[in-house]
Amino acid sequence: MSIVEENTSAVSDVDDEELRRRRARKIDKIGKWTLPVVVLVITLFFWDRLVVWNEIPHYILPGPGLVFSTLVADWPILFDALLVTLQITLMALAVAVIGGVGLAVLFTQSRWMEMSFYPYAVILQVTPIVAIAPLIFIYVDSRIAGLLLCAWLVAFFPVLSNTTLGLNSADHNLRDLFRIYGATRWQTLRFLQLPSALPYFLGGLRIAGGLSLIGAVVAEYVAGTGGIGSGLAFRILEAGYRLNIPRMFAALILIAVTGVVIFAGLSFISHLLLRKWHESALKREG
Amino acid sequence: MSISPAPLGSRAEVLRIEGVDKVFGGTVVALKGLSLTVNGGDFISLLGPSGCGKSTALRLIADLIHPTRGRITWSGGQAAGDLGVVFQEPTLMPWATVAQNVWLPFRLRGKSYASVKDDILEALKLVGLERFQNAYPRELSGGMKMRVSIARAMVTKPRLILMDEPFAALDEITRFRLNNDLLALKDKIGCTVIFVTHSVFESVFLSDRIVVMAARPGRVIRELTVDAPYPRDEDFRTSPEYAAHCRAASDALHEAMEGEAA
């Protein structure tokens, strides 16, 4: 790969065709960043005009300017709520990783465990969380624990299923080689199966990051209790009751941004861990 | 520390296969009545059409599967590191560097990298890859990956190396070079090899014994001796002697495939 790069930079007398291709690549690169920004600006502009021209009252649709000023004005309330939601989300994600990877390792080590428990993991996954959540809040006293349990239920399955798939995807010849060299179960797990599973696990992790946020928000809706220590979802509900639509939008924006930041962060971690060897992290020329 | 030919150079018996049958699923006879004695320094090719049980024989020797009948015995018993294996694919761990891949057989025996570093570098030097010890497999060509795989198989100085069509997936030029290098290596360290191939030319060039096998059921139909002395070089490839051996091996292979639809 590095050889190819050296060659292209060393060659100076390229023909028009190649120059055109390079220009197209450059435009592609710039477009990747500028186009979404342009779309955003146009959308905000028409949103604003729509509200002004039609004289829509702010309790039906606030303009972007009002949403932004509300975001600034209500920042103390919203930021506290964000911290609560974020805390639940990250804790749920951590527990999902521990639980998902732990179960996956257990399943691949023991067929009996897998046969006994896998169907129930699937059932937990396919049952909508909004249907289970009310029950959870009846039986679990601590609100935080209840929220955490809901978010975990939503988030752990992609980690479990992806990691299980990864652990079973180790190269068969390498498995044979490990057997020939008399590797123990632990060695095979540590040196062969876990590294093989890493790209699969990281794929599951990125999905789980988004899902734990969704799980946390849905659980807050269901829990529905207010007061100190309530998260963004509750703030949205509350603002809805009070017809404070600008604050609803502001909270919604915060949730969306949080989701994007979590996804980007996990993608970055994934890139760091895989960049040296995995196909998904390698740049290809041409 | 260097890979010394002393214990490896001995012509003493290494392995004895006696009347081994392998039946899969109670009905499919993959191998019937295989008997073979492997002596130190032998380079034995198992040559035959697909389905003749060549790979089954290797898997039996590697103890990955067990014979339905018969016995496979290592003289003096088998110790850890007595066997090295090279598969058709390089079979490297993509997340580990070249040196870490070669370290694997030692690592699985609980040896630290520092304690076997010299052996690893020596093995890499023998296959001409000492400069690439910190590279990742994806940075190497197909032929270089195969060299790493060979270095890994040799690093424990095994009494026997099994090779399952290791060069079949490579282009002709790389294949010839690796054939030459493998013989140079054998000359240097005096290893004992069982080499599975379906190429007449490769088997004649490399081996001193060719075991020709037939399919359905997998069985040995002839054993040929290639008495040309080692080291063999490019000149051997063009000698009349080589042509004659190829002819004999080719005839035996035709005999093996008689009655089979192509």
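Residues numbered from 1 in each chain as written. Chains lettered and ligands numbered in written order. Predicted model: local features only at pLDDT ≥ 70, side-chain atom pairs only at ≥ 80, totals over all residues. Heavy atoms only, no water.

So, on to the overall build of chain A. When you go through chain A residue by residue, the secondary structure sums to 11 helices and zero strands. Along chain A, helices and strands appear, N-terminal first, in the series α-α-α-α-α-α-α-α-α-α-α. Relative to the globule expectation of 19 Å for 286 residues, the C-alpha radius of gyration of chain A, 25 Å, shows a markedly less compact shape. Its C-alpha atoms put chain A at 75 × 70 × 25 Å along the principal axes. Residues counted as buried form 38% of the 286 residues belonging to chain A. Within the structure as shown, chain A displays about 16900 Å² of accessible surface, and the carbon and sulfur contribution to it stands at 68%. (Helix = DSSP H or I, 4+ residues; strand = E, 2+ residues; numbered from the N terminus. Rg over C-alpha atoms; globule rule 2.2 N^0.38 Å. Buried < 20%, exposed > 50% of the residue type's maximum accessible area, 1.4 Å probe, protein only. Areas by Shrake-Rupley, 256 points an atom, 1.4 Å probe, with all protein chains shown as cover.)

Before going further, it helps to examine the sheet that holds strand 6 (residues 160-164) of chain B. Residues and elements named next belong to chain B. As summarised here, the arrangement of the six strands in space is 5-6-7-3-8-9, forming an open sheet in which the pairing is mixed. At either end of the open sheet lies a strand with only one pairing partner, and these are strand 5 (83-86) and strand 9 (219-225). The mean angle between the axes of side-by-side strands here comes to 20°, regardless of whether they run parallel or antiparallel. Along the sheet, helix 8 (residues 240-256) makes contact with strand 3 (43-47), strand 8 (209-214) and strand 9, crossing strand 9 at roughly 170°. (Pairing = 2+ DSSP bridges. Axes fitted to C-alpha atoms, helices over the stretch in contact; angles between N-to-C directions. Contact = heavy atoms within 4.5 Å.)

Attention now goes to the confidence of the model for chain B. Counting all residues, the mean pLDDT for chain B is 89, and 95% of those residues have values of 70 or more. Within chain B, the element-level pLDDT minimum falls on helix 7 (residues 234-237) of chain B, averaging 86, and the maximum on helix 2 (residues 98-107) of chain B, averaging 96. (pLDDT = per-residue confidence, 0-100.)

The interface of chain B with chain A comprises 22 residues on the first partner and 20 residues on the second. Here chain B packs against chain A, burying approximately 2100 Å² in sum over the two surfaces, 67% of which is carbon and sulfur. Among the residues of chain B in contact with chain A, Trp95, Leu108 and Arg138 of chain B are the three that bury the most area, contributing 35% of the side total. Counting the contacts that link chain B with chain A gives one salt bridge. Note that Arg59 of chain B is salt-bridged to Asp176 of chain A, the shortest N-O span being 3.0 Å. Seen at the junction of chain B and chain A, the total is five residue pairs in polar contact (both at pLDDT 80 or more). Every element with two or more residues in the side of chain B that touches chain A is listed here: strand 5, helix 2 and helix 4 (142-154) of chain B. (Buried area = accessible area lost by both parts, 1.4 Å probe. Salt bridge = Lys/Arg side-chain N within 4 Å of Asp/Glu carboxyl O. Polar contact = N/O pair within 3.5 Å; in protein donor to acceptor, adjacent residues only side chain to side chain.)

This part takes up the sheet that holds strand 4 (residues 69-74) of chain B. All names here are of chain B. Ordered in space as 2-1-4, the three strands form an open sheet in which the pairing is antiparallel. On the outer flanks of this sheet lie strand 2 (28-39) and strand 4, each paired with one strand and no other. With direction set aside, neighbouring strand axes in the sheet form an average angle of 15°. Looking at chain direction, strand 1 (residues 13-24) and strand 2 are connected through eight bridges and run antiparallel. By the bridge assignment, Glu13 is partnered in strand 2 with Asn39.

The subject of this paragraph is the confidence of the model for chain A. Interpretation of this model should avoid reading the predicted coordinates in detail wherever pLDDT is low. Across chain A, the average pLDDT comes to 88, with 92% of residues at or above 70. Within the model, pLDDT remains below 50 along residues 1-10 of chain A, and this stretch shows five contacts once partners closer than five positions in the same chain are excluded.

Moving on, we get to the packing of helix 4 of chain B against helix 5 (residues 172-189) of chain B. Residue and element names in this part refer to chain B. In contact at an axis separation of 11 Å, helix 4 and helix 5 are set at 20° when each is read in the N-to-C sense. Considered as vectors, helix 4 and helix 5 are oriented roughly parallel to each other. Two packed elements cross with a definite hand, and for helix 4 against helix 5 that hand is right-handed. In this structure, helix 4 uses Gly143, Met146, Arg147, Ile150 and Met154 to contact helix 5, whose residues at the interface are Thr174, Arg177, Leu178, Asp181, Leu185 and Ile189. When the residues that make up the contact of helix 4 with helix 5 are grouped by side-chain class, the tally is six nonpolar, two polar and three charged. (Parallel < 35°, antiparallel > 145°, perpendicular 65-115°, else oblique. Left-handed = near helix turned anticlockwise from the far one by under 90°. Nonpolar A, V, L, I, M, F, W, Y, C, P; charged D, E, K, R; others polar.)

All names here are of chain B. Mapped onto the elements of the fold, Thr156 is located in the loop between helix 4 and strand 6. Thr156 gets classed as buried once you look at its relative accessible area, which sits at 13%. Of the polar contacts made by the side chain of Thr156, one reaches the backbone oxygen of Gly81; its length is 3.1 Å. Discounting chain neighbours no more than four positions away, the residues touching Thr156 are Gly81, Pro105, Phe106 and Arg109.

With that settled, the discussion passes to the domain arrangement of chain A. The domain boundaries assigned to chain A delineate domain 1 (2-54) and domain 2 (64-281). Between the C-alpha centres of domain 1 of chain A and domain 2 of chain A the distance comes to 34 Å. (Domains from an automatic or database assignment.)

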